Amino acid sequence: MNMEQPATGGRHRLTDTYGRNMTDAEKAYYYSLNPRDALAYDLWNARKIYIQQGIYTPEIRQGLLNVIKRNKSDHPNLFNK
């Protein structure tokens with residue numbers, strides 16, 4: 001998944017999983033997730049950032065849904081129920 005990341009600032013740096021944004025306990029939890037749940041975590045995190053910035057539009061929502069569809073299509077054994 002691609003998010004804006006200019007030389008300074010940017011949405012990617014706001015994600016929980018960027019750099020040192022998580023505590024060791026939070027990282028341990030995240031790394032214990034199965035791929036499907038980790039994807040859901042990342043998508044909810046991205047959605048939260050877009051909402052906080054006031055730019056969560058139908059186009060952004062569709063883009064996030066496309067990430068789910070693409071992962072299910074490319075890796076059905078990891079992402080399908």
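The paragraphs below set out a description of the structure included in this document.

**Considering helix α2 (residues 35-52)**
Then, in step 1: End to end, α2 covers 26 Å across 18 residues, agreeing with the expected 26 Å (1.5 Å per residue, within 8%).
Then, in step 2: Considered for burial, the residues of α2 that qualify are A38, L39, L43, N45, A46, I49 and Y50. All buried residues of α2 project into a common sector of 160° when viewed along the axis, lining one side. Pointing more than 90 degrees away from the buried face of α2 are the exposed residues W44 and Q52.

**Regarding the environment of I49**
Then, in step 1: Relative to the elements of secondary structure, I49 occurs in helix α2.
Then, in step 2: In the structure, I49 is positioned 34 residues away from T15 in sequence and 7.6 Å away in space, judged by C-alpha atoms.
Then, in step 3: In this view, I49 contacts R11, L14 and T15; residues no more than four positions away in its chain are not counted.

**Looking at the side chain of R11**
Then, in step 1: Tracing the backbone shows R11 in the segment before α1 (24-32).
Then, in step 2: The buried category is assigned to R11, whose relative accessible area is 18%.

**A few points about the packing of α2 against helix α3 (residues 58-74)**
Then, in step 1: For the pair α2 and α3, the least separation of the axes is 11 Å and the interaxial angle reads 170°. Classified by the angle their axes make, α2 and α3 are roughly antiparallel. Mapping the contact onto sequence places L39, L43, A46, R47 and Y50 in α2 and I60, L64, V67, I68 and N71 in α3.
Then, in step 2: In the contact of α2 with α3, the residues fall into eight nonpolar, one polar and one charged.

**Here we look at the pattern of salt bridges**
Then, in step 1: Applying the stated criterion to the full structure yields one salt bridge.
Then, in step 2: Between R70 and D74 there is a salt bridge, and its shortest N-O distance comes to 2.7 Å. Within this pair, R70 and its partner D74 are both found in helix α3, separated by four residues, close to a single helical turn.

Rules used throughout
- Residues numbered from 1 in each chain as written.
- Predicted model: local features only at pLDDT ≥ 70, side-chain atom pairs only at ≥ 80, totals over all residues.
- Heavy atoms only, no water.
- Helix = DSSP H or I, 4+ residues; strand = E, 2+ residues; numbered from the N terminus.
- Expected span 1.5 Å × (residues − 1).
- Buried < 20%, exposed > 50% of the residue type's maximum accessible area, 1.4 Å probe, protein only.
- Arc of directions from axis to C-beta.
- Contact = heavy atoms within 4.5 Å.
- Axes fitted to C-alpha atoms, helices over the stretch in contact; angles between N-to-C directions.
- Parallel < 35°, antiparallel > 145°, perpendicular 65-115°, else oblique.
- Nonpolar A, V, L, I, M, F, W, Y, C, P; charged D, E, K, R; others polar.
- Salt bridge = Lys/Arg side-chain N within 4 Å of Asp/Glu carboxyl O.

Nothing here speaks to function; it is geometry throughout.
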